[in-house]
Amino acid sequence: MPDDRKKILECEDVSLGYDGRPVMEHLSFDVRQGDYLCVIGENGSGKSTLIKTLLGLIKPVKGKVILDKSIQNGYIGYLPQQTDIQKDFPATVEEVVMSGFLNRCGWRPFYNKREKQLAQNNMKKMNILEYRKRCYKELSGGQQQRVLIARALCAAGGLLILDEPVTGLDPNATMELYESLEKLNKTDKMTIIMVSHDIKNVVEQASMILHINNDEYFYGDVNQYIYSEFGESFKLGREKN
């Protein structure tokens, strides 16, 4: 049955790399509205290079990355891997979340009423509204990640990209974060691309999988992935829908 959902991102025969040297070649896939795509692969396989290419930070060596108008001009919510410096950022939760609007503000030196309300809504979605006046660096790792996702949602036009969002979190915080992302995807219809090493939980969360391994890759839905050579190597076993 054909999928008539709108494509918001498409890679056409893309080669990824730096200085004209590809680390991954002939990559083709698309992301449709409402997808939850998880990108997995070994260290050095090209995951970070792919994310930088999708964000427009680097150009593909070959091929094309096509973005829908809804996510052009920086309207992509992005959560990079958090650094130690970011963990100690001396600002309130509300200030951190509101900073997600900075690209939209341009030269305007203040946040408007709509932006303030949207920030409140995003903090509520991520269950951090009660912490809005607290200092960001005083929060737990899981709470900080929720703050940063709320910030990314303020920037997102329709796509949220997360790079290893559960790294360093304890099991409870990890599952709570996964539950929040699932709700964003299924209830709020937010399209998500998430880079992860957590393959067993990925197959419980994602609708689509992109598994890259330098000179080869898999792209398809989760059930196709489980029964592929890539998935079978991890002995995955989620039942078919």
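Computed from a prediction, not measured in an experiment: that's the story for all the values here.

1. Observations concerning the nonpolar core
- With 47 residues, the main nonpolar core has Val97, Ile128, Ile149, Leu160, Leu181, Met194 and Ile209 as its most contacted residues.
- Of all the elements, helix H6 (residues 141–155) adds the most residues to this core, at seven residues.
- When sequence neighbours within four positions are dropped, the list of residues in contact with Ile209 reads Leu37, Cys38, Ile40, Val202, Phe218, Tyr219, Gly220, Val222 and Tyr225.

2. Some thoughts on helix H5 (residues 113–125)
- Given a rise of 1.5 Å per residue, 13 residues ought to cover 18 Å, and the 19 Å separating the end C-alpha atoms of H5 matches this to within 8%.
- Listed as buried for H5 are Glu115, Ala119, Asn122 and Met123. When H5 is viewed along its axis, its buried side chains cluster within an angular range of 100 degrees and face the same direction. The outward face of H5, more than 90 degrees from its buried face, is lined by the exposed residues Lys113, Arg114 and Lys124.
- The residue sitting at the N-terminus of H5 and contributing the capping side-chain oxygen is Asn112; that oxygen lies 3.2 Å from the backbone nitrogen of Arg114.

3. A closer look at the sheet that holds strand S2 (residues 21–32)
- Strand order across the open sheet formed by three strands is S2-S1-S4, with antiparallel pairing between neighbours. Of all strands in the sheet, those with a lone pairing partner are S2 and strand S4 (62–67), marking the two edges. When strand polarity is set aside, the average angle formed by the axes of neighbouring strands in this sheet is 20 degrees.
- Pairing analysis gives five bridges linking strand S1 (residues 7–18) to S4, with the strands arranged antiparallel. In the sheet register, Glu12 faces S4, and the bridge partner there is Lys64.

4. Some details on the pattern of salt bridges
- This structure, assessed with the given rule, holds twelve salt bridges.
- Two residues, Arg32 and Asp3, come together in a salt bridge whose shortest N-O distance is 3.9 Å. A residue pair is termed long-range when its members are at least 10 positions apart, and Arg32 in strand S2 and Asp3 in the segment before S1 qualify at 29 residues.
- Residue classification places Arg32 among the buried residues on the basis of a relative accessible area of 16%.
- The shortest N-O distance in the salt bridge between Asp35 and Arg5 comes to 2.9 Å. Within this pair, whereas Asp35 is found in the loop between S2 and strand S3 (36–40), its partner Arg5 is found in the segment before S1, the two being separated by 30 residues in sequence.
- What makes Asp35 buried here is its relative accessible area of 4%.
- A network of salt bridges, in which partner residues are shared, links Asp3, Arg5, Lys7, Glu10, Asp30, Arg32 and Asp35.

Cut-off values and rules
- Residues numbered from 1 in each chain as written.
- Predicted model: local features only at pLDDT ≥ 70, side-chain atom pairs only at ≥ 80, totals over all residues.
- Heavy atoms only, no water.
- Core = buried A, V, L, I, M, F, W, Y, C linked by side-chain atoms within 4.5 Å.
- Buried < 20%, exposed > 50% of the residue type's maximum accessible area, 1.4 Å probe, protein only.
- Helix = DSSP H or I, 4+ residues; strand = E, 2+ residues; numbered from the N terminus.
- Contact = heavy atoms within 4.5 Å.
- Expected span 1.5 Å × (residues − 1).
- Arc of directions from axis to C-beta.
- Polar contact = N/O pair within 3.5 Å; in protein donor to acceptor, adjacent residues only side chain to side chain.
- Pairing = 2+ DSSP bridges.
- Axes fitted to C-alpha atoms, helices over the stretch in contact; angles between N-to-C directions.
- Salt bridge = Lys/Arg side-chain N within 4 Å of Asp/Glu carboxyl O.

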